[in-house]
Each structure stands twice: as structure tokens, then as C-alpha cells.
Amino acid sequence: MVRHFRRDDDITPAEQAQIIDMAIAMKADPYAHKPLAGPKSVALIFDKPSTRTRVSFSVGVADLGGNPLIIQAGESQLGAKESIADTARVLDRMVAAIVWRTFAQSGIDEMAAHSAVPVINSLSDDFHPCQLLADLMTIREHKGSLAGLTVAFLGDGSSNMANSYLVACAMAGMNVRVATPARYQPLAEARETATRIASETGGSVLVTPDVAEALVGADVVVTDTWISMGQESEKERRVADFAGYGVTAELMAPAQSDGLFLHCLPAFRGYEVDAEVIDGPQSVVWDAAENRLHAQKALMHFLFTSS
């Protein structure tokens, strides 16, 4: 059976740990595994602009012995003259995997439903599971383990990052707290899934408007941009709504003294995070950016070998 990675819980908690272990090993020995030797090609489809996703997947495919085939929005018939299902049926006869950075989660689901090769969600409006593998890998590197740690996500609880943090951290047995205004709630499905998984892994889930409640004793503090692609017209309202949710040095104080700060980037200093935090000693955002490469290589290797 072909394995896909549409959202964080397309793998099991044990498989998540296995992928992170492999990512750490691949970071230490980058060219030891060549599942794409041939070279086989991987289609990298970008409906949205990208820096980290494009570079990390392109380099990762090459490191694994393959050829990255980059398809920008408007350069194919996808979504215009050709359906997602038909595109999947064409691509899966020529490539070893399909990686898609897009808008609707339903598109990822449809691509996977009609593809005979792994489909990887490199970002959708609902989930950002590849980023979470890199973030969890980074936390593991700095903290030694994941289970029992507390993660506080501040800001837009309706974002793909908040949804993925809920599910992925619950899978890792972590205590995940999302502090967000009432009008910016996570997907109900993501919250319910995370709560169910946490009951099995020993983690916990909290969604609250209270920043202080989320931050007390946190081992990791996370945020994301308040204005994602396509939300530019909402900037004024969003900046007002998220007042008090920006990560400052003062807000970091209730967290553990050795607490980490993470941001998936790009970051807007002075809005969701102050420069002294993201550029300070507790910030591990650059480690996480690099770890996109290693985590995605490990993910691809896992999907190729388990499909």
C-alpha cells in the first residue's frame, strides 16, 4: 500500500519517532542513503512562493540520489485544463513522489487518492506537517527527548501551524497549549484528533485565550506570522486582534529559563516576535530551518521504503 503524508497523523507516533531518529542520523551522514538513485525524479509543485520548502526539498531529493522536478504555479495544466485526479494519474507514471505546496487541503487529499506514488503535503491552508517534523527534530536535539515537554503556541490558532502543532505534539506525548483570541480557533477536527491522540500518548491539549496560562512552565514557545499569504487585506484587523500575543522577552519570562523559541519563518520582527527574542540565545529558528532538509529526507526515505 502506498503511504502518503497529507497531514501529521498519516503516520503513527512510533513512525514519527522513527523518522526523527533517521533525520538525526542523516544529518550526521548526509549521503549514506540513496533510495532515489537512478536518478529517479520527484515532482515539486509550488502554488505558493517558497524559500525553505523549495531549497530543502530540492537539495534533499538530490542528496537521496534523485532529480528534483520543480513545477511552478501556471506552468502546468493542474487546476486549469486538467483535474487534480488526472494530473496524479499522469505524474505517478513518471516520478517517484509528488510534493505539493498549495492552498486547499482537499487538493492534497484528492491527489493522494489518485496517486500510486507517495504524495507529500509541503504546506496547505490547514496543515504544515513537514515543518513540524523539523521543529520536533530541533526540540529533540536541544532537549534530548520530547515526551512530557510543554509547548506553547501563541497567535493565530486558526493557522496551519497551530493545527499541525496540536496533532504532531500530541503524537509525541507533549503538552501542547495554543493561546489565541476566541475568533481564531483551530480546526475542530485537529483539536479533537489531538485530544484523542494525547489520551493515548500521555500528552495533553489546551486551547485558551490566556497567554499567561499557556506560557507558565513552557519548555518551548512558538509563534507564526499573523498575516499569511492571501490575508494581506486583513492586516490592520489582525494586528489589532493579536495585540498582546506577540512574543517579547517579557512574555518569555514565565517559560522555563532554558526555554526554546521557534518560528517557521518568514518572521516579521515587531509584530508576532521581537528582534531580541528571535535573534537571541533562546532562538533555535535557524536550526529548525536547516532541519527541514534532514527531516524531509528522512520522511521521503520512510515513505519510499514503507510503501
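Residues numbered from 1 in each chain as written. Predicted model: local features only at pLDDT ≥ 70, side-chain atom pairs only at ≥ 80, totals over all residues. Heavy atoms only, no water.

Colleague: Outline the nonpolar core, listing residues and values.
Modeller: Tyr165 and Met174 are the most contacted members of the largest nonpolar core, which totals 61 residues. When residues in this core are grouped by element, the largest group, 9 residues, is from helix H6 (residues 160-171). Discounting chain neighbours no more than four positions away, the residues touching Tyr165 are Leu132, Asp135, Val151, Phe153, Ala170, Val176, Val222 and Leu262. In terms of nonpolar packing, the next biggest core, distinct from the first, is built from 23 residues, Ala255, Phe261, Leu265 and Ala267 among them. (Core = buried A, V, L, I, M, F, W, Y, C linked by side-chain atoms within 4.5 Å. Buried < 20%, exposed > 50% of the residue type's maximum accessible area, 1.4 Å probe, protein only. Helix = DSSP H or I, 4+ residues; strand = E, 2+ residues; numbered from the N terminus. Contact = heavy atoms within 4.5 Å.)

Colleague: Describe in detail the sheet that holds strand S4 (residues 119-123), supporting the description with residues and values.
Modeller: Sheet strands pair via backbone hydrogen bonds, and the direction of the pair is either parallel or antiparallel. In spatial order, the strands read S2-S1-S3-S4; together these 4 strands make up an open sheet with parallel pairing. Sheet topology places strand S2 (67-72) and S4 at the edges, where each strand pairs with a single neighbour. The mean inter-strand angle of the sheet, taken between neighbouring strand axes irrespective of direction, is 20 degrees. With 6 bridges joining them, strand S1 (residues 41-46) and S2 adopt parallel strand pairing. The partner of Leu44 across the bridge, within S2, is Ile70. Along the sheet, helix H12 (residues 285-306) makes contact with S1, strand S3 (97-101) and S4, crossing S4 at roughly 160 degrees. (Pairing = 2+ DSSP bridges. Axes fitted to C-alpha atoms, helices over the stretch in contact; angles between N-to-C directions.)

Colleague: Run through the packing of aromatic side chains, naming residues and quoting values.
Modeller: Think of a pair of aromatic rings as described by two things: how far the centres are apart, and how the planes are tilted against each other in angle. Applying the stated criterion across every chain yields a total of 4 aromatic pairs. Ring centres of Phe153 and Tyr165 lie 6.1 Å apart, and the angle between their planes is 40 degrees; on these two criteria the pair is classed as tilted. Taken together, the residues Phe153 in strand S5 (residues 150-154) and Tyr165 in helix H6 connect sequence positions 12 residues apart. Of the two residues, Phe153 and Tyr165, both sit in the buried class. Seen from their ring centres, Tyr184 and Phe242 are 4.6 Å apart, and the 40 degrees between their planes marks the pair as tilted. In this pair, Tyr184 sits in the loop between strand S6 (175-179) and helix H7 (188-201) while Phe242 sits in the loop between helix H9 (235-241) and helix H10 (249-252), placing the two residues 58 residues apart along the sequence. Through pairs of rings, three or more aromatic residues link up here, namely Tyr184, Trp226, Phe242 and Tyr245. (Phe/Tyr/Trp six-rings, centres within 6.5 Å; stacked < 30°, edge-to-face > 60°.)

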